[in-house]
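Given next are the chains, with one letter for each unit.
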Amino acid sequence: MRILSIIRKALIMQFRDYWALLLTILSAPFFIFIYYIMTGGSSTTYSVNLYYADKESLLNIKSELVNELKSVKYANGESALNVFETEDTAKVKEQIKNRKVDLLITIPVGFADSLLTGSTPEFMLFGEASNPKYSVGAIFTVTAMESLVKKYTKSKPLYTFKENFMGNSIAKSEFDIYAPGIFIFSIIMLILSASLSIIRDIEDKTMIRLKLTRMTVFDYLLGNTIVQWLVGVFSFGLTMWLAILLGFNNQGSIFLVLLVCSLTILSIIAICLILVSFCKTATMIMIVGNFPLFILMFFTGSMIPLPRNEIIKGFAINDILPPTHAVIALNKIFTFGASLKEIRYEIFMLVILTIVYYLTGIYFFKREHLLKE
Amino acid sequence: MDILNETINTSSISLKAENLRKTFNGFVAVENLSLEIEKGEIFGLLGPNGAGKTTTIKMITGLLNPDSGRVIINGKPAEREKSRLNVGLCPQELVLWNHLTCFEQLVFIAEMYNVRHSVARGRATELLKKMGLSEKSKKLVKTLSGGMQRRMNLLMALMHDPEILVLDEPEAGLDPQSRIMVRDFIHSLSKTKTVIFTTHNMDEADRLCDRITIMDQGRMLITDSPENLKRKAGKGDKLEIIFSGSSPVLHDISNLADEVELKESSVYFRSKAIVDKIPFILESLKKSGITVTGMNLSENSLEDVFISLTGRRLRE
């Protein structure tokens, strides 16, 4: 009865105080849309500029080289390299600095002759080592060059290998790769609406009235948690629906996706409780709340891929953040169609972390806001 | 003895506070405060800012734990949750949900006390009508005027039908019309409820209260009915006698009252229960050959009592 009243009141107030709600539920879909526009919804391509200086040689392989570079393709048939010919290397080097071009390949005078005489041909690559696209672009470029060199020198390859892509990762576009992180981001954004919905009772002192009633901490937190869970599920669903509309590939079970989503929502609400315990006003939430928001955005792999530095065996520092496990679980579900058994570790960690954060949150919330002075 | 299960035999006493003490970081906010408030009584707590009124109210309602002493509600120690539920609080500041309508928040707060939804709806409708807010029933509280919000603040304390109503400066910020409405409303409540309220408005306290306690610096200075307070404390009633012709000699009349002030055509006498002394004063003036042409009497006010007990020094 009391819980139903709290749910009804929290829902009404959530909709009437709609700015925080809009920010929470629309941020992630907006990010999905921006990502889609940035990636074009297709696989990543690497911009390669070719400067062919060996123009006087009897053997002109320039067009063959261009075709070879263009023939490096993904499994879905899309070219990996976007090849441009250039005569102005200085301009291209400037573009590399501005990251408008990923790498420059220059073919020096005598390159073709080396192929004919069997001596080792030389060529040069220019790129910015700190640009992550350079490394991958360089591998694709060298693969194409090797293929061309083998063709003319008739040399046997030093080794052969066959790539085996796991799950449906071969069919993944860059958009597909980043989308699960943004799905989790849609839940992380709850940190604002959930914290604000609770802090209003502190700031407006309505908590004083509630403290005098029969309402228990359990009633209050369960009622508010259910409402924020609904907001989180809606936000997540909206983000995923938009992503699917824009071509996102989902292999896995929707039930498992919802399970991960639900647990992550609960863990974020638990983090909100801790945050609210140390704030007294909505303004403080908007200022102090940025700290956990940014930590959860940037150190869980939801927005940017993270290196994994284990401080003790099997445990990295970001493992204490629930969304870290949620991002991994969603990637497994979307890419490998993972079963519950295959994500049991992530589910286990989400459950444990949610319980730990909730208990911590309840302790501090009671101490700071609910107990008598 | 288990203090929580103790029942104190105080059948006509609605609320009893025994030796309450509260300190904040060494500052004594309330010291050794004891009260007994009878059922159906309207009891006023008066005092300058910082006197300890709000702290006392918070201890009575259970929002603050006293350092020592205890509160007994209807014969039961107030540590018991059920005892506290008999109390309704209208805090000094507006404590309302700005994004709920008047009706919604009245029903919501009632449901937090386990009042059934249908009963809560009926009670909300009735109270809104009594407070002249029926037309605002579906309006968000934040859209109401300050006076209307004050009235809503008061109604919120009544939705669970408590036996004891505690009002912390309920008339603050109200226009005269609203103040009269709230005063009549509080008066009507006293038939069925015990009302405890704090105020700075002496006139309001004088009109409404059956008994008043004046507090200062955390201590209770005096408790009595407004009439008795005015009779017992303060400098007393003020009598102005207007005369014509020759002026009396101050020395001859200075023993007629506690304070005597002679002016060009009038003389002021101030003393407790001066009404009883009027014939004697007039007789004395007549004997002195003074021709009395007029007379004005101002009764000792509660404000006079208050100032005489607490002084004129500003507290904040």
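Quick caveat: nothing in here was measured; it's all calculated off a predicted structure. (Residues numbered from 1 in each chain as written. Chains lettered and ligands numbered in written order. Predicted model: local features only at pLDDT ≥ 70, side-chain atom pairs only at ≥ 80, totals over all residues.)

Draft legend 1. Quick look at the sheet that holds strand S2 (residues 27-38) of chain B. All names here are of chain B. The strand order S2-S1-S4-S5 describes an open sheet built from four strands, whose pairing is antiparallel. Edge positions in the sheet fall to S2 and strand S5 (76-77), since each of these pairs with one other strand and no more. Two elements, strand S4 (residues 68-73) and S5, share two bridges in a ladder whose sense is antiparallel. Within S5, the residue paired with Ile73 across the bridge is Lys76. Those strands touched by helix H1 (residues 53-61) are strand S1 (13-24), S2 and S4, and its axis lies near 120 degrees from that of S1. (Pairing = 2+ DSSP bridges. Helix = DSSP H or I, 4+ residues; strand = E, 2+ residues; numbered from the N terminus. Contact = placed C-beta atoms within 7 Å. Axes fitted to C-alpha atoms, helices over the stretch in contact; angles between N-to-C directions.)

Draft legend 2. A look at the nonpolar core. Grouped together as the largest cluster of nonpolar side chains are 143 residues, with contacts concentrated most on Leu190(A), Ile268(A), Cys272(A), Leu330(A), Leu106(B) and Met159(B). Top contributing element to this core by residue count: helix H11 (residues 254-277) of chain A, with 15 residues. Sequence-distant contacts of Ile268(A), that is, excluding residues within four places in its chain, are made with Ile187(A), Ile188(A), Leu190(A), Ile191(A) and Ala194(A). If you look at the next biggest cluster of nonpolar residues, it comprises 22 residues, including Leu103(A), Ile105(A), Ala112(A) and Tyr134(A). (Core = buried A, V, L, I, M, F, W, Y, C linked by C-beta atoms within 7 Å. Buried ≥ 20, exposed ≤ 12 C-beta atoms within 10 Å, placed from the backbone.)

Draft legend 3. How the structure looks around the interface of chain A and chain B. Tallying the contact residues gives 21 residues for chain A and 23 residues for chain B. Those elements that place two or more of their residues in the side of chain A that touches chain B are helix H1 (2-16) and helix H9 (206-212) of chain A. Taken together, the residues of the side of chain A that touches chain B sort by class into seven nonpolar, three polar and 11 charged. (Nonpolar A, V, L, I, M, F, W, Y, C, P; charged D, E, K, R; others polar.)

Draft legend 4. Inspection of the sheet that holds strand S12 (residues 259-262) of chain B at higher detail. Residue and element names in this part refer to chain B. Taken together, the four strands give an open sheet; going across it, the order is S12-S13-S11-S14, and neighbouring strands pair in antiparallel fashion. Looking along the sheet, the strands with just one partner apiece sit at the ends: S12 and strand S14 (291-298). Between one strand and the next, the sheet's axes are offset by a mean angle of 15 degrees, whatever the strand orientation.

Draft legend 5. Spotlight on the pairing of strand S11 (residues 237-244) of chain B. All names here are of chain B. Pairing of S11 with strand S13 (residues 266-271), which is carried by six bridges, proceeds in the antiparallel orientation. Bridging from a neighbouring strand, Asp237 pairs with Ser271 of S13. As paired strands, S11 and S14 are joined by seven bridges and run antiparallel to one another. Bridge pairing in S14 links Ile241 to Met295.

Draft legend 6. Spotlight on the confidence of the model for chain A. When pLDDT is averaged along chain A, the result is 89, and 98% of the positions lie at 70 or above. Per-element mean pLDDT across chain A ranges from 80 in strand S5 (residues 310-312) of chain A up to 95 in H11(A). (pLDDT = per-residue confidence, 0-100.)

Draft legend 7. Quick peek at helix H10 (residues 278-287) of chain B. For H10(B), a buried count of one out of 10 residues is recorded, marking the element as mostly open to its surroundings. Phi for Gly289(B), located one or two positions after H10(B), is positive at around 80 degrees.

Draft legend 8. Layout of the domain arrangement of chain A. Parsing chain A into structural domains produces domain 1 (2-39 + 172-370) and domain 2 (46-153). Using only C-alpha atoms to locate each centre, domain 1 of chain A and domain 2 of chain A end up separated by 46 Å. (Domains from an automatic or database assignment.)

Draft legend 9. How the structure looks around helix H3 (residues 102-112) of chain B. With 10 of 11 residues buried, H3(B) is to be regarded as a mostly interior element. Burial in H3(B) covers these residues: Cys102(B), Glu104(B), Gln105(B), Leu106(B), Val107(B), Phe108(B), Ile109(B), Ala110(B), Glu111(B) and Met112(B). Contact partners of the buried residues in H3(B): H1 and H9 of chain A together with helix H4 (117-130) and helix H5 (146-156) of chain B.

Draft legend 10. Up close: the domain arrangement of chain B. Along its sequence, chain B is organised into domain 1 (3-231) and domain 2 (235-299). Here domain 1 of chain B and domain 2 of chain B have C-alpha centroids that lie 44 Å from each other.

Draft legend 11. The arrangement of the environment of Arg121(B) in detail. Inspection of the secondary structure puts Arg121(B) in helix H4. The spacing of Arg121(B) and Thr310(B) is 189 residues in sequence and 45 Å in space, taken between C-alpha atoms.

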